[in-house]
Amino acid sequence: MRLVFAGTPETALPALEALLESRHEVAAVVTRPDAPAGRGRRLTASPVAQRAEKAGIEVLKPAKAKDPDFLDRLRRIAPDCCPVVAYGALLPRVALDIPRHGWVNLHFSLLPAWRGAAPVQHAILHGDDITGACTFQIEEDLDTGPVYGMLTEPIRPTDTAGDLLERLARAGARLLVDTMDGIEQGALQPRPQPAEGVSYAPKLTPEDARIDWRAPAMRVDRLVRACTPAPGAWTTFRGERLKVGPVRLAAGGGELAPGKLKAGKREVLVGTATHPVALGEVQPQGKRRMPAADWARGLSLTDEDVLI
């Protein structure tokens, strides 16, 4: 089939690579406009745009998917289908109707669970044991379309959102190609999603990522892993923000009040509502990331010091 691929971040690259290596033709890609990045905040093309340009593929960067110029160009390209991975913008009906097989999204959850922008983060945050990926026909409503195919993936006890998303992106790339093959052959028909089990996964904000040390240790662990690498879990120490990497559930350490610190030579414990957790890496405001033990070694902790 003749395809126009829509995607923006690095997460979309495995799928784009798989489609480029498939028997289908990727005639163009659609991606978000260039955005400020890095310390200099220079306008930078998205990872998908950079890969497409390297492959000599036309890149479309509409400010909005309803822009008339974009829609006219899409009609001239005349794709059979538009596969989508993490494009990051809503698609209007007029755009959805252009390819004869519609737009097919690779979504990183087992729909109808975790519809929305942050399915992987919410699966970890809520303690799911299993997640997965699925391909579905895009409709105007949020992630409600009928499903073509699905795969499952266990969530490991130490998985961060970044770890899990990387695995799902690789496995999902193959699923997306298989879906394109099945649509081309007429062998694959999408099935409506079940009415039961619907849940939503809105994007996690920096405020969502603030650690509440009054929560149980398991909840703290899940929050930090769900927010790694983005938006990044954090707390405050002596009035300044302290970024926190994945923690470890500590077997010992005795009882510590929520937020209370206990520093040893090799680890730093923090109290929660249940039992302490051991900090991994931390990043003080304006400084580099470092092991928590190194951070604590440079401080003179007092009984008044707590993480808030």
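As a reminder, the structure under discussion sits directly above these lines.
As a convention, each chain's residues are numbered from 1 in the sequence order in which they are written. Totals for whole chains, interfaces and linings use every residue, but because this is a predicted model, local features are given only for residues with pLDDT of at least 70 and side-chain atom pairs only at 80 or more, for both listing and counting. By convention in this description, side-chain values take in all heavy atoms of the structure and omit both hydrogens and water.

Engineer: Mind showing me how you'd approach the side chain of Asp80 here?
Structural biologist: Inspection of the secondary structure assignment puts Asp80 in the loop between α3 (68–77) and β6 (82–85). Burial classes follow relative accessibility: with a 1.4 Å probe on protein chains only, a residue under 20% of its type's maximum area counts as buried, one over 50% as exposed, and anything between as partly exposed. The exposure class of Asp80 is buried, given its relative accessible area of 16%. As used in this structure description, the phrase polar contact means that two N or O atoms lie within 3.5 Å; if the pair is within protein, one of them must be able to donate a hydrogen and the other to accept it, and residues adjacent in sequence are counted only when both atoms belong to side chains. A polar side-chain atom of Asp80 sits 2.8 Å from a polar atom in the side chain of Arg100. Only heavy atoms matter for contacts: two residues are in contact if any of them lie within 4.5 Å across the pair. Excluding its chain neighbours within four sequence positions, the residues that come into contact with Asp80 are Met1, Arg2, Pro99, Arg100, His101 and Gly102. Put simply, DSSP marks the helices as runs of H or I at least four residues long and the strands as runs of E at least two long, and each gets a number from the N terminus on.

Engineer: Looking at this structure, I do not really get the side chain of Ser109. What am I missing?
Structural biologist: By secondary structure assignment, the location of Ser109 is in the loop between β7 (103–107) and α5 (119–125). A relative accessible area of 0% means that Ser109 is categorised as buried. One polar contact links the side chain of Ser109 to the main-chain carbonyl oxygen of Ala113, over a distance of 2.6 Å.

Engineer: Would you mind going over the packing of helix α1 (residues 13–20) against helix α6 (residues 161–185) with me for this structure?
Structural biologist: Working note: a packed helix pair is described by the angle between its axes plus the distance between those axes. Axes here refer to lines fitted to C-alpha atoms; in helices the fit is confined to the stretch in contact. Angles between the N-to-C directions go from 0 to 180 degrees. Contact geometry of α1 with α6 gives a least axis separation of 8 Å together with a crossing angle of 40°. The angle between the axes of α1 and α6 places the two elements in the oblique class. The handedness of the crossing between α1 and α6 is right-handed. Contact with α1, carried on its side by Pro14, Ala15, Ala18 and Leu19, involves Ala169, Arg170, Ala173, Leu176, Val177 and Met180 of α6 and no other residues of that element. Between 65 and 115 degrees an angle is taken as roughly perpendicular, under 35 as roughly parallel, over 145 as roughly antiparallel, and anywhere else as oblique. By definition, turning the near helix anticlockwise from the far helix through less than a right angle yields a left-handed crossing, and turning it clockwise yields a right-handed one.

Engineer: What is the right way to look at the packing of α1 against helix α2 (residues 47–54) in this model?
Structural biologist: Contact pair α1 / α2: the axes reach a minimum separation of 10 Å and the direction vectors enclose 25°. Classified by the interaxial angle, the pair formed by α1 and α2 is roughly parallel. In the packing of α1 onto α2, the handedness of the crossing is right-handed. On α2, the residues that touch Leu13, Leu16, Glu17 and Leu20 of α1 are Pro47, Val48 and Arg51. When residue character is reported, Ala, Val, Leu, Ile, Met, Phe, Trp, Tyr, Cys and Pro are called nonpolar, Asp, Glu, Lys and Arg charged, and the others, Gly included, polar. Partitioned by chemical class, the residues of the contact of α1 with α2 number five nonpolar, no polar and two charged.

Engineer: When you look at the packing of aromatic side chains in this model, what are you seeing that I'm missing?
Structural biologist: Any pair of aromatic rings gets described here by the distance separating the centres and the angle formed by the planes. Pairing of aromatic side chains here covers Phe, Tyr and the six-membered ring of Trp, requires ring centres within 6.5 Å, and sorts the geometry by plane angle: under 30 degrees stacked, over 60 edge-to-face, intermediate tilted. According to the stated counting rule, one finds one aromatic pair in the structure shown. Ring geometry for Phe237 versus Trp295: centroids 5.1 Å apart, planes at 75°, classification edge-to-face. One end of the pair, Phe237, is in strand β10 (residues 234–237); the other, Trp295, is in helix α8 (residues 292–297), with 58 residues separating them in the sequence. Accessibility classification places Phe237 together with Trp295 in one group, the buried group. Counted as over-ring charges are cases with an Arg CZ or a Lys NZ within 6 Å of the ring centre that also lie within 35 degrees of the ring normal. The positively charged end of Arg241 is found above the aromatic ring belonging to Trp234, 3.6 Å away from the centroid.

Engineer: It is not clear to me how the sheet that holds strand β12 (residues 248–249) should be interpreted in this structure. Could you clarify?
Structural biologist: To summarise the sheet geometry, strands pair through backbone hydrogen bonds and adopt either a parallel or an antiparallel arrangement. Note on pairing: DSSP must find at least two bridges between two strands before they are called paired. The strand order across the open sheet formed by four strands is β12-β15-β14-β13, and the pairing between neighbours is antiparallel. Of all strands in the sheet, those with a lone pairing partner are β12 and β13 (261–263), marking the two edges. Bridge count between β12 and strand β15 (residues 277–278): two bridges; the pairing is antiparallel. Its bridge partner lying in β15, Leu249 is registered against Val277.

Engineer: Hey, could you run me through the environment of Pro206 in this one?
Structural biologist: You can see Pro206 is positioned in the loop between α6 and α7 (217–226). What makes Pro206 partly exposed here is its relative accessible area of 46%. Sequence spacing of Pro206 and Ala233 is 27 residues, and the spatial spacing of their C-alpha atoms is 7.7 Å. With sequence-adjacent residues up to four places away left out, Pro206 is seen in contact with Pro231 and Trp234.

Engineer: What is the right way to look at the pairing of β7 in this model?
Structural biologist: Consecutive side chains of a regular strand alternate in pointing toward one face of the sheet and then the other. Among the five residues of β7, five are classified as buried, and the element is accordingly described as predominantly covered. What you see with β7 is no split at all: Trp103, Asn105 and His107 on one side and Val104 and Leu106 on the other are buried throughout. In this structure, β7 lies alongside strand β8 (residues 130–137), joined through four bridges in antiparallel fashion. Directly across from His107, in β8, lies its bridge partner Cys134.

Engineer: What should I look at first to understand α1 in this one?
Structural biologist: Given 3.6 residues per turn, any residue in an α-helix points the same way as the ones three and four places further on. Looking only at α1, the buried set comprises Ala15, Leu16, Ala18 and Leu19. In an axial view of α1, the angular spread of the buried residues amounts to 160°, which keeps them on one side of the axis. Looking at the buried side of α1, the elements it contacts are β1 (2–7), β2 (25–30), α2, β6 and α6. The arc in question is the one traced by the directions running from the helix axis out to the C-beta atoms.

Engineer: What exactly am I supposed to notice about α7 here?
Structural biologist: Counting buried positions over the 10 residues of α7 gives seven, a clear majority of the element. Of all the positions in α7, only Ala217, Val220, Asp221, Leu223, Val224, Arg225 and Ala226 are classed as buried. Each element contacted by the buried residues of α7 is listed here: α5, α6, β11 (240–244), β12 and β15.

Engineer: What am I meant to see in the nonpolar core here?
Structural biologist: Among soluble globular proteins, nonpolar side chains are generally buried collectively. Put simply, a nonpolar core is a bunch of buried Ala, Val, Leu, Ile, Met, Phe, Trp, Tyr and Cys residues held in one set by side-chain atoms that sit within 4.5 Å of each other. Judged by nonpolar contacts, the single largest core of 66 residues is most densely connected at Phe5, Leu176, Met180, Leu279, Trp295 and Leu307. A total of 10 residues in this core trace back to one element, the largest contributor, which is α6. Residues Val30, Cys82, Leu96 and Phe136 belong to the second largest nonpolar core, which totals 24 residues.

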